[in-house]
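An overview of the molecular structure
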Amino acid sequence: MLSLIFENANYANVGDATGLRGSTTAGVFYIGLHTADPTDTGTQTSSETSYTNYVRVSVARSTAGWTVASGVADNDAVITFAQCGASGATLTYFSIGSDVSGVGNLFMSGALAASLAVSNLVTPSFAAGALDVTAD
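Residues numbered from 1 in each chain as written. Predicted model: local features only at pLDDT ≥ 70, side-chain atom pairs only at ≥ 80, totals over all residues. Heavy atoms only, no water.

What follows is about the overall build of the protein. From N to C terminus, the protein includes one helix and nine strands. When contacts within the protein are restricted to residue pairs at least 6 apart in sequence, those whose partners lie at least 24 apart make up 69%. Total accessible area on the protein is roughly 7,000 Å²; 52% of this is exposed by carbon and sulfur atoms. (Helix = DSSP H or I, 4+ residues; strand = E, 2+ residues; numbered from the N terminus. Contact = heavy atoms within 4.5 Å. Areas by Shrake-Rupley, 256 points an atom, 1.4 Å probe, with all protein chains shown as cover.)

Before going further, it helps to spend a moment on the side chain of Asn-8. Structurally, Asn-8 can be placed in the loop between α1 (2-7) and β1 (28-34). We classify Asn-8 as buried; its relative accessible area is 16%. (Buried < 20%, exposed > 50% of the residue type's maximum accessible area, 1.4 Å probe, protein only.)

Across the sheet, which stays open at both edges, the four strands sit in the order β2-β1-β6-β7 with antiparallel pairing between neighbours. Looking at which strands have only one partner, the edges of the open sheet turn out to be β2 (57-60) and β7 (106-118). Each strand axis lies, on average, 25° off the axis of its neighbour in the sheet, ignoring direction. Relative to β7, strand β6 (residues 89-97) runs antiparallel, the two sharing eight bridges. Looking across to β7, one finds that Ala-89 is bridged to Val-118. (Pairing = 2+ DSSP bridges. Axes fitted to C-alpha atoms, helices over the stretch in contact; angles between N-to-C directions.)

So, about the pattern of salt bridges. Applying the stated criterion across every chain yields a total of one salt bridge. Residues Arg-56 and Glu-48 are paired through a salt bridge, measuring 2.8 Å at the closest nitrogen-oxygen approach. Neither residue differs from the other here; Arg-56 and Glu-48 are each classed as buried. (Salt bridge = Lys/Arg side-chain N within 4 Å of Asp/Glu carboxyl O.)

This part takes up the confidence of the model for the protein. Averaged over every residue, the pLDDT of the protein is 91; the share at 70 or more is 90%. Across the protein, the element-wise mean pLDDT spans from 87 in α1 up to 98 in strand β5 (residues 79-80). (pLDDT = per-residue confidence, 0-100.)

Time to look at the environment of Thr-134. When you line up the elements, Thr-134 lands in the segment after β9 (132-133). Residue Thr-134 is classed as partly exposed on the basis of its relative accessible area, which comes to 43%. Apart from the residues within four sequence positions on either side, Thr-134 is in contact with Leu-2, Gly-71 and Val-72.

Attention shifts here to the nonpolar core. Formed by 25 residues in total, the largest nonpolar core has its most connected members in Phe-6, Ile-31, Trp-66, Phe-81, Ile-96, Phe-126 and Val-133. Looking at this core, the elements that each hand over two or more residues are α1, β1, β2, β3 (66-69), β6 and β7. Top contributing element to this core by residue count: β6, with four residues. Contact partners of Phe-6, with chain neighbours within four places excluded, come to Phe-29, Ala-60, Arg-61, Ser-62, Trp-66, Val-68, Ala-73, Ile-96, Met-108 and Val-133. (Core = buried A, V, L, I, M, F, W, Y, C linked by side-chain atoms within 4.5 Å.)

Looking now at unusual backbone geometry. Positive phi values are uncommon outside glycine, yet Asn-8 reaches one of about 60°. A positive phi angle, close to 50°, is found at Ser-70, a residue other than glycine. For Ser-70, the position within the fold is in the loop between β3 and β4 (72-75).

Taken as a whole, this structure holds seven aromatic pairs when the rule is applied. With 6.3 Å between their ring centres and 70° between their planes, Phe-81 and Phe-126 make a pair best called edge-to-face. Residue Phe-81 is found in the loop between β5 and β6, and its partner Phe-126 is found in strand β8 (residues 125-126); the two are separated by 45 residues along the sequence. A relative accessible area of 3% means that Phe-81 is categorised as buried. Between Phe-94 and Phe-126, the aromatic rings sit 6.4 Å apart at their centres with planes inclined by 80°, giving edge-to-face as the arrangement. With a gap of 32 residues between them, Phe-94 in strand β6 and Phe-126 in strand β8 connect regions that are remote in the sequence. What makes Phe-94 buried here is its relative accessible area of 6%. In this structure an aromatic cluster arises from ring pairing among Tyr-51, Tyr-54, Phe-81, Phe-94 and Phe-126. (Phe/Tyr/Trp six-rings, centres within 6.5 Å; stacked < 30°, edge-to-face > 60°.)

What follows is the structure, encoded as structure tokens:
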């Protein structure tokens, strides 16, 4: 199922003979950062950080953007957020959603392995393969 969601791959043996089909236009996910758990009922703006210069980062829903293996989706390239300006924040969660800005649909979120204190000139990022996403 993660391959369908992240790589836009077809998922066989569900429903009719064709299974679940990937989208004709795959689009992107927007990765966000949060100062607290956005919760399962939240939106992309729930507890979203507002450090100076922060914006969400897009990652393609394709095999160029993600690799799925053994029940884990990993980012294929570095995900780099804007460098922090004057006001910082302590980041504790990430999210995956539908919109580049505003409320948007929150599809998945998870805790960071360790909190990250972002201050002036700090550039948050996930190294390639470092953002591990599973479906519970």
